[in-house]
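# Chains, contacts and geometry: an overview
Listed below are the residues making up each chain.
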Amino acid sequence: MIFHHFGKYVMLLRKVFKKPEKWKIYIKEIFHEMNEIGVGSLGLILIISTFIGAVMTLQIAFQLVSDLIPSTVIGQINRDSNILELGPTISALVLMGKVGSSISSQIGSMRVTEQIDALEIMGINAPGYLILPKIIAGVVMMPALVIVAIFCAICGGLIGGSLSGAVAPSDYIQGIQGGFNGFTVAVALVKAFVFGFIITSVPAYKGFYVRGGALEVGQAGTQAVVIGCISILVCDYVITALML
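Residues numbered from 1 in each chain as written. Predicted model: local features only at pLDDT ≥ 70, side-chain atom pairs only at ≥ 80, totals over all residues. Heavy atoms only, no water.

Moving on, we come to the UniProt feature "transmembrane region" (unreviewed entry) in the chain. Summarizing the sequence annotation, UniProt attributes the feature "transmembrane region" (unreviewed entry) to residues 37–62, 135–159, 180–204 and 224–243 in the numbering used throughout. End-to-end, the C-alpha atoms of residues 37–62 are 36 Å apart, and along that stretch the chain is 100% helix and 0% strand. A distance of 28 Å separates the end C-alpha atoms of residues 224–243, which is 100% helix and 0% strand. (UniProt positions renumbered as here; feature names shortened; annotations may be inferred. Helix = DSSP H or I, 4+ residues; strand = E, 2+ residues; numbered from the N terminus.)

Structure, rendered in structure tokens:
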């Protein structure tokens, strides 16, 4: 069953990346999806990332109780943790629940109401018209959202550490500036690019091939989120193992 669905998924992607009939229509849809996926999710990413950074600072400070360890290490650990793992992965899992379920429900509703059949009868490449703008918007906006998430998490750590007294602002800032490796940002952006592709393509596949009525559309949305989250975690491990 796994190979059956994977092969069906690959065949759908082959149709998705077929040459568009009119790029003008696709570009309009791409900007619409970028607004829905990126701008529409910005507030959620800001809130979650800020609080994750603040909580991480408190937990790191709680564990580093030794006088032999300088407090600047707190900022350094928080920075690297958010860049390499928490920023890309947590953002992707959150967006999988928000964006993924929306994409699956939207395309699934079009399938059960025979709107996709009508597009195909008119000679329009339905997978390309419905899915390609979402994938392009996902792989473009996800890295931007991850950069915002990392910035907010680091700022949240500074605010949380200052308010709680866990670490002095000067020590925290010195920690995030010291020993910085720019390659970690490259790893985070690669993860964001792959996660953006998964967040849009997996729910689109589940919605495109749904059969039945409203109940099946809801079930397809749930399955898309579960499969997408598992795929994100697997790809997270693979990319980390290959690049670090």
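Running from N to C, helix α3 (residues 72–112) and helix α5 (residues 126–164) point in directions that differ by 145°, and their axes come no closer than 8 Å. Relative to α5, α3 is oriented so that their crossing is right-handed. (Axes fitted to C-alpha atoms, helices over the stretch in contact; angles between N-to-C directions. Left-handed = near helix turned anticlockwise from the far one by under 90°.)

This next bit is on the packing of α3 against helix α7 (residues 183–208). For any two helices packed against each other, one specifies the crossing angle of their axes together with the interaxial distance. Taken N-terminus to C-terminus, the directions of α3 and α7 make an angle of 20°; their axes are 7 Å apart at the nearest point. Classified by the interaxial angle, the pair formed by α3 and α7 is roughly parallel. At the point where α3 passes α7, the crossing takes the right-handed sense. When grouped by side-chain class, the residues that make up the contact of α3 with α7 number 17 nonpolar, 7 polar and 4 charged. (Parallel < 35°, antiparallel > 145°, perpendicular 65-115°, else oblique. Nonpolar A, V, L, I, M, F, W, Y, C, P; charged D, E, K, R; others polar.)

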